[in-house]
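What follows is each chain in one-letter form.
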Amino acid sequence: MSDSTTRTRTQIKPATRTPNLYKVLLLNDDYTPMDFVVEVLMRFFRKSEAEAIRIMLQVHHAGVGVAGVYPFEIAETKVNQVMGAASAEGHPLQCIMEPE
Ligand code: TYC
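Residues numbered from 1 in each chain as written. Predicted model: local features only at pLDDT ≥ 70, side-chain atom pairs only at ≥ 80, totals over all residues. Heavy atoms only, no water.

Draft legend 1. Molecular detail of the site of the ligand. As a structural note, the neighbourhood of the ligand is formed by Leu-26, Leu-27, Asn-28, Asp-29, Thr-32, Met-34, Val-37, Met-56, Val-59, His-60 and Leu-93. Between Thr-32 and the ligand, the recorded distance is 2.9 Å, taken from a backbone N or O atom to a nitrogen atom. Taking 350 Å² as the accessible area of the ligand by itself, protein coverage stands at 89%. Among the elements that take part in the shell around the ligand, helix 2 (residues 49-62) stands out by supplying three residues, more than any other. In the shell around the ligand, the residues fall into seven nonpolar, three polar and one charged. (Near = heavy atom within 4 Å. Polar contact = N/O pair within 3.5 Å; in protein donor to acceptor, adjacent residues only side chain to side chain. Areas by Shrake-Rupley, 256 points an atom, 1.4 Å probe, with all protein chains shown as cover. Helix = DSSP H or I, 4+ residues; strand = E, 2+ residues; numbered from the N terminus. Nonpolar A, V, L, I, M, F, W, Y, C, P; charged D, E, K, R; others polar.)

Draft legend 2. Focus on the packing of aromatic side chains. Taken as a whole and assessed by the stated rule, the structure comprises two aromatic pairs. Aromatic side chains Tyr-22 and Phe-72 sit 5.2 Å apart centroid to centroid with 80° between the ring planes, which places their arrangement in the edge-to-face category. Of the two residues, Tyr-22 is situated in strand 1 (residues 21-27) and Phe-72 in helix 3 (residues 72-88); the sequence distance between them amounts to 50 residues. Taking relative accessible area as the criterion, Phe-72 reaches 39% and is therefore assigned partly exposed. Consider the rings of Phe-45 and Tyr-70, whose centres lie 6.3 Å apart with planes at 40°: the pair is tilted. Taken together, the residues span a long stretch of sequence, with Phe-45 in helix 1 (residues 34-45) and Tyr-70 in strand 2 (residues 64-71) at a distance of 25 residues. When sorted by exposure, Phe-45 lands in the same class as Tyr-70, which is buried. Directly above the ring of Phe-45 sits Lys-78, whose terminal nitrogen or CZ lies 6.0 Å from the centroid. Taking the ring centre of Tyr-70 as reference, the NZ or CZ of Lys-78 above it sits at 5.2 Å. (Phe/Tyr/Trp six-rings, centres within 6.5 Å; stacked < 30°, edge-to-face > 60°. Buried < 20%, exposed > 50% of the residue type's maximum accessible area, 1.4 Å probe, protein only. Lys NZ or Arg CZ within 6 Å of the ring centre and 35° of its normal.)

Draft legend 3. Focus on the nonpolar core. Core analysis: the biggest nonpolar cluster contains 23 residues, and Val-24, Leu-26, Leu-41, Phe-45, Val-82 and Leu-93 have the highest contact counts within it. When contributions to this core are tallied by element, the ones reaching two or more residues are strand 1, helix 1, helix 2, strand 2 and helix 3. For this core, the element with the most residues is helix 1, which contributes seven residues. Ignoring sequence-local partners within four residues, the contact set of Leu-93 consists of Leu-26, Leu-27, Asp-29, Thr-32, Phe-36, Val-37, Val-82, Met-83 and Ala-86. (Core = buried A, V, L, I, M, F, W, Y, C linked by side-chain atoms within 4.5 Å. Contact = heavy atoms within 4.5 Å.)

Draft legend 4. Region of interest: helix 1. The end-to-end C-alpha distance of helix 1 is 16 Å, a good match for the 16 Å that twelve residues give at a rise of 1.5 Å each. Looking at the buried side of helix 1, the elements it contacts are strand 1, helix 2, strand 2 and helix 3. Looking one or two residues past helix 1, Arg-46 carries a phi angle of roughly 55°, positive in sign. (Expected span 1.5 Å × (residues − 1).)

Draft legend 5. Quick peek at the sheet that holds strand 2. Spatial ordering of the open sheet is given by 2-1-3, a layout of three strands whose pairing is antiparallel. Sheet topology places strand 2 and strand 3 (94-99) at the edges, where each strand pairs with a single neighbour. Each neighbouring strand pair of the sheet contributes to a mean axis angle of 30°, computed without reference to strand direction. Of the strand pairs in this sheet, strand 1 and strand 3 are connected by six bridges, and their pairing is antiparallel. Across the sheet, the residue bridging to Leu-27 is Gln-94, located in strand 3. The sheet strands contacting helix 1 are strand 1 and strand 2, and the helix crosses strand 2 at an angle near 10°. With respect to the sheet, helix 2 is in contact with strand 1 and strand 2, its orientation differing from that of strand 2 by roughly 125°. (Pairing = 2+ DSSP bridges. Axes fitted to C-alpha atoms, helices over the stretch in contact; angles between N-to-C directions.)

This is the structure:
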């Protein structure tokens, strides 16, 4: 039998799977205006003004807060939108994502 003979091997499905959902987190800093963070939460995360203020204050006091929970690619887009808007305005606001 030649070396080029096709053989079938059983693929074992890995026991661990990558998580489906990711938390998009806002990090506190001393310079980004509160109003800007509220605008970001309303514009990119579709929060009401009251909810946006609540989340912004949570981040301001605790250092970090959840802006939303999304599938990977949507979370990635949100992070890029926030970071793009912040750097365009010269604010140091940081937005990250992590598995839920
Ligand atoms: N700490 C900022 C201030 O006092 C406000 C702020 C809130 C900044 C949330 C970032 O993710 C943030 N102006």
